[in-house]
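Here's the letter readout for the chains.
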Amino acid sequence: MDAVVNIEPFSRSPSSRPTPAEMRDRILAKLTYQVGKSPAWASPRDWFLASAFAVRDFVVETWLASGRRSYASEAKRVYYLSLEFLIGRLLQDAIGNLGLAEPVREALLMQGVDLDALCEQEPDAALGNGGLGRLAACFIESMSTLGVNAFGYGIRYEHGLFRQVIDDGVQQELPEDWLSVGNPWEFERQEIAYPIGFGGIVTGHIQHQWHPAERILAVAYDTPVVGGGGLHANTLRLWSARAMTPLHLETFNRGDHEGALRDRVRTESVSRVLYPGDDSASGQELRLRQEYFFASASLQDLLRRHMDQFGTVQTLPDKVAIQLNDTHPAIGIIELMRLLMDEHGVEWDEAWRITTACMSYTNHTLLPEALETWPVPLMERLLPRHMQIIYLLNARHLEHVRAQPGANDEMLAATSLIEEHHGRRVRMGHLAFLGSHAINGVSALHTALIRRSIFHDLDALYGGRISNKTNGITFRRWLHRANPGLTRIITDTIGPAFLTDHEALHGLTAHADDLGLQQSASRQRLANKQKLARVIRERVGITVSSEALFDVQVKRIHEYKRQILNVLHAVALYQAILAEPGRDWVPRVKILAGKAAPGYRVAKQVIRLAHDVAKVINADPAIDGRLKLVFLPNYNVSLAEQIIPAADLSEQVSTAGMEASGTGNMKFALNGALTIGTLDGANVEIRDAVGPDNIFIFGLTAEEVLARRWHGLAAHDQVAASPRLKKATEAIRWGAFSPGEPHRYTSMMDSMIERDTFMVASDFDNYFETQEAVDRLWRDPVRWWRASLLNTAGVGWFSSDRTIAEYANEIWNIPVTLS
Ligand code: 26W
């Protein structure tokens, strides 16, 4: 099928668009008959549900039509397997992509209801940790926009990423409860349910039979995801665990009421909660159960669909592309082999041909602690048949390695699917590589690094599989919806084409020196900042000036993302202002937000330090508001949509070589914030796209970081050579910001100087000087806003529509042309 794409904004025919009055009637009908409320008694939550149900009718029309079209066209389908989908809210998105914003807003106004206030009623679907999960959500929306027939497969966690509450600087994790108020966007599919086995034994030699010791049911919940233009909608199918027997009646009748439910509680815990670890493998059995549970349900489902339509597994590679979002679904490779051999009677080689032709794998991190490995004994106990297949696969693989000229034991050990030195563990990254015809990194630098490091030997053995697919973001959520003001300014300047053809944003370049345009862009930014200032006052009670430079760092808290560098800058700047109170300092508001994995002690310390430093700086009369530090709790997709359009400066300061790509960096640049960052991940490509004069680059390069590591990690010299750094670290170390507990940060500062693993001390002075360059440009609004417009103009390429078109054309073999 040749999917030629030409989408006009809201290309649903105007005729199919309801008038405000018709929309009002639809909403009132839902309120009455679905929510069961009369307008007089309806709460904001009720109006949200009624509006969502009314809008959903339009989504369902597109959805069912898309389904019929893709079935009739026998088009190849993509199955995106991800343990995380960080969706956020859907009402604004559905309304925007269907072109219903005006009729819905009018219709609600007729009832005295404000649409924006209503949207606040929708809980975020926080079914992800950070970058990987949000990327999956942007990808599903882009695939719908491009008319690519796709299914997203994941888990319907009852509890998403924890709610972060900060108590006197200390992060507390509270259960997230998005389903407690009902989810209007999903359809429960009781009839789509698959048994998932665990444990037990395997019998047979030629034809193997697995006899699981326990089975749980995977039940489907479908959420339609409509794309820009409202022409196509794909299915996000999330699996929920259901016990085979809801209640052990006998046990119950014996009076052991809890015992009667024990099994159910245990089995259904597989889809209870999202693992909050971001970039560090938990290694817990329940996590492996989650990975196998959703991989098996997804593969059983797509095989059934294929067999129903095409009747043979031989044609699977022609009709099915399976994308593994990191190693989390990689057990799916072995599960497909099992299903093909044990349930469809396919021979090993043919099964392997089909599997590798269907599978492709994306790597999102180089961090050793994030590369999943599972203990062989656990795999053997939980998935005995799969372990058999892994052994066989490894034997064949190692045979191939031995046949290579110059092969040696070291190479065998390095490429084996089984790691021998920390107890025997299955390397899921190696398995994903072996079982995929295509492997990709998520930025040019990251792809070069995985080729050179973790996959060096495998790439030498099985060349030509690795390619780069630099990440992208959906502009519909991150510009059109999050920053309608700027979107209107751009549309008024270069026309609406960029709303569908993102490269058309380039047209803005020619207008970057237009003072009128600069002024309207800066006025819009100021309005966004005033809105955010209100949120800050409401949530943390801090008053900030919207005239100040908003310096923003929002992302998961992690040592390699170096929030500590930003906090050290705050301390050094604070000390500099105290030392020269008369100087005309550029007023700055530093805004930080992000969650730390519950077990990540150092990251929690960083959050606490940020709060302690903020307490002192924000209350110091000598600073007089020229510097404020704000930490906003419970960072999520919705808060990001409020913060990003209000940012002047985007902090992308990771240790070079450690941030695979970053996607926040793209969102900030698209909204006209200037980036201060290292040459890491996609920062490199953003620099090339916006021009080196319109971005603030500092710090060691990835090469220099690697070289520096060879010389040892002690940073005493760097600290001694930097009076600023010395003064700042000593103040923190001696408790200037924790008078109640002077030694609270002693070990943190000492270990940073003893082992500067993340090059904080090495990069500090360069960072401080670069921040001074930021201040200098800020004093020249004409040059600042020129740079800001050139950022927005330059990042059209970072659209997830472009990224998906590349995956489709270069990995999935589905022809897609961007208009
Ligand atoms: C096993 C625990 C675990 C959970 C999540 C390990 C690793 C992860 C993810 C791979 C972490 C993640 O989100 N990585 C981020 O992926 C983004 C999308 O490609 C990149 O832009 C970020 O640079 C990368 O850190």
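Quick note: structure is the one above.
What this report covers is the structure whose coordinates are included nearby. The residue numbers shown here count from 1 along each chain, following its written sequence. Per-residue local features of the predicted model are confined to residues with pLDDT of at least 70, and side-chain atom pairs are confined, for both listing and counting, to 80 or more; whole-chain, interface and lining totals are unaffected and use all residues. Only hydrogens and water are set aside when side-chain values are computed; all heavy atoms of the structure are taken into account.

A closer look at the sheet that holds strand β11 (residues 214-226)
- Two strands pair if DSSP finds at least two bridges between them. Per the convention used, a helix needs a DSSP run of H or I reaching at least four residues, while a strand needs a run of E reaching at least two, with both numbered from the N terminus. Taken in spatial order, the 9 strands make up an open sheet running β8-β11-β12-β5-β2-β13-β14-β18-β19, and their pairing is mixed. Because the sheet does not close on itself, it has two edges, and the strands there are β8 (187-198) and β19 (466-468). Taking the axes of each pair of neighbouring strands and ignoring which way they run, one obtains an average angle of 25 degrees across the sheet.
- Of the pairings in the sheet, the one linking β11 to strand β12 (residues 233-243) comprises 11 bridges and is antiparallel in character. Residue pairing for β12: V226 is matched across the bridge by A233.
- Packing of helix α8 (residues 257-268) onto the sheet brings it into contact with β11 and β12, and relative to β12 it is tilted by some 150 degrees. In this analysis an axis means a line fitted to C-alpha atoms, helices contributing only their contacting stretch, and an angle means the value between N-to-C directions, from 0 to 180 degrees. Should any heavy atoms of two residues lie within 4.5 Å, those residues are considered in contact.

What about unusual backbone geometry?
- Although it is not a glycine, R562 adopts a positive phi angle of roughly 60 degrees.
- Take R562: it is sitting in the loop between β20 (549-554) and α22 (563-579).
- Three labels apply to residues, based on accessible area from a 1.4 Å probe with only protein chains included: buried if under 20% of the type maximum, exposed if over 50%, partly exposed otherwise in between. A relative accessible area of 0% places R562 in the buried class.
- Of note, the phi angle at D624 is positive, near 50 degrees, even though the residue is not glycine.
- On the secondary structure map, D624 appears in the loop between α23 (601-619) and β22 (627-632).
- Owing to a relative accessible area of 59%, D624 belongs among the exposed residues under this scheme.

Here we look at the site of the ligand
- Around the ligand sit 21 residues, and of these H364, N471, E659, S661 and G662 come closest.
- For the purposes of these results, a polar contact is taken to be a pair of N or O atoms within 3.5 Å, where, inside protein, one atom must be able to donate a hydrogen and its partner to accept one; residues adjacent in sequence count only when each atom of the pair is a side-chain atom. Here an oxygen atom of the ligand and a side-chain polar atom of H364 are 2.6 Å apart.
- Between an oxygen atom of the ligand and a main-chain N or O atom of G662, the distance comes to 2.8 Å.
- Polar here means any residue other than Ala, Val, Leu, Ile, Met, Phe, Trp, Tyr, Cys and Pro, which are nonpolar, and Asp, Glu, Lys and Arg, which are charged; Gly is therefore polar. Taken together, the residues of the shell around the ligand break down into 6 nonpolar, 8 polar and 7 charged. The nearness test applies per residue and asks whether one of its heavy atoms lies within 4 Å of the molecule or strand.

Some thoughts on the sheet that holds strand β15 (residues 373-375)
- Strand order across the open sheet formed by 3 strands is β15-β17-β16, with antiparallel pairing between neighbours. Across the chains shown, the open sheet's two edge strands, defined by having one partner strand only, are β15 and β16 (418-419).
- As paired strands, β16 and strand β17 (residues 425-427) are joined by 2 bridges and run antiparallel to one another. The residue of β17 that forms the bridge with I418 is V426.

Let's talk about the packing of helix α1 (residues 20-35) against helix α4 (residues 101-110)
- α4 packs onto α1 with a crossing angle of 65 degrees between their chain directions and a minimal axis gap of 8 Å. On the basis of the axis angle, α1 is roughly perpendicular to α4. Helix-helix and strand crossings are classified by hand; for α1 and α4 the assignment is right-handed. Touching P20, A21, M23, R24 and I27 of α1 are E102, P103, V104, E106, A107, L108 and M110, all from α4.
- Taken together, the residues of the contact of α1 with α4 break down into 9 nonpolar, no polar and 3 charged. For classification purposes, an angle smaller than 35 degrees is called roughly parallel, one larger than 145 roughly antiparallel, one from 65 to 115 roughly perpendicular, and anything else oblique. The sense of a crossing depends on the near helix, which, turned anticlockwise from the far helix by less than a right angle, makes the crossing left-handed and, turned clockwise, makes it right-handed.

Considerations on helix α32 (residues 781-794)
- Expected helix span is computed as 1.5 Å times (number of residues minus one). End to end, α32 covers 19 Å across 14 residues, agreeing with the expected 20 Å (1.5 Å per residue, within 8%).
- In terms of residue burial, α32 counts as a mostly covered element, since 10 of its 14 residues are buried.
- Among the residues of α32, those classed as buried are W784, W785, A787, S788, L789, L790, N791, T792, A793 and G794.

With respect to the environment of K319
- As for its position among the elements, K319 is in helix α10 (residues 316-319).
- Measuring from C-alpha to C-alpha, the distance between K319 and I473 comes to 27 Å, with 154 residues separating the pair along the chain.
- When residues no more than four places from it in sequence are discounted, the contact partners of K319 are E74, A75, K76, R77, H306 and F310.

Some details on the pairing of strand β3 (residues 85-88)
- Going residue by residue along β3, you find F85 and I87 tucked away on one face and L86 and G88 tucked away on the opposite face as well.
- Of the pairings in the sheet, the one linking β3 to strand β4 (residues 125-127) comprises 3 bridges and is antiparallel in character. Note that in β4 the partner of L86 across the bridge is A126.

Some details on empty space enclosed by the protein
- Cavities and pockets were defined on a 1 Å grid built over protein atoms only: a cavity is a set of grid points that admits a 1.4 Å probe from which the probe cannot escape, a pocket is an open set flanked by protein on both sides within 12 Å along at least five of seven lines, and lining residues are those with an atom within 4 Å of any such point. Grid points are joined across faces, edges and corners, and a volume is the space filled by probe spheres set on the points. According to the stated counting rule, one finds 8 cavities of 30 Å³ or more in the structure shown.
- Put simply, the largest cavity is a space of about 140 Å³.
- The set of elements that each furnish at least two residues to the lining of the largest cavity consists of β3 and β4.
- Of the residues that constitute the lining of the largest cavity, the class distribution is 10 nonpolar, 4 polar and 1 charged.
- Estimates place the volume of the second largest cavity at around 120 Å³.
- In terms of lining, the second largest cavity is formed by 13 residues, of which the most central are I87, L90, A137, E141 and V225.
- For the lining of the second largest cavity, the secondary-structure elements that each account for two or more residues are β3, α6 (131-145) and β11.
- Broken down by element, the lining of the second largest cavity gets its largest block of residues, 4 residues, from α6.
- Taken together, the residues of the lining of the second largest cavity sort by class into 7 nonpolar, 2 polar and 4 charged.

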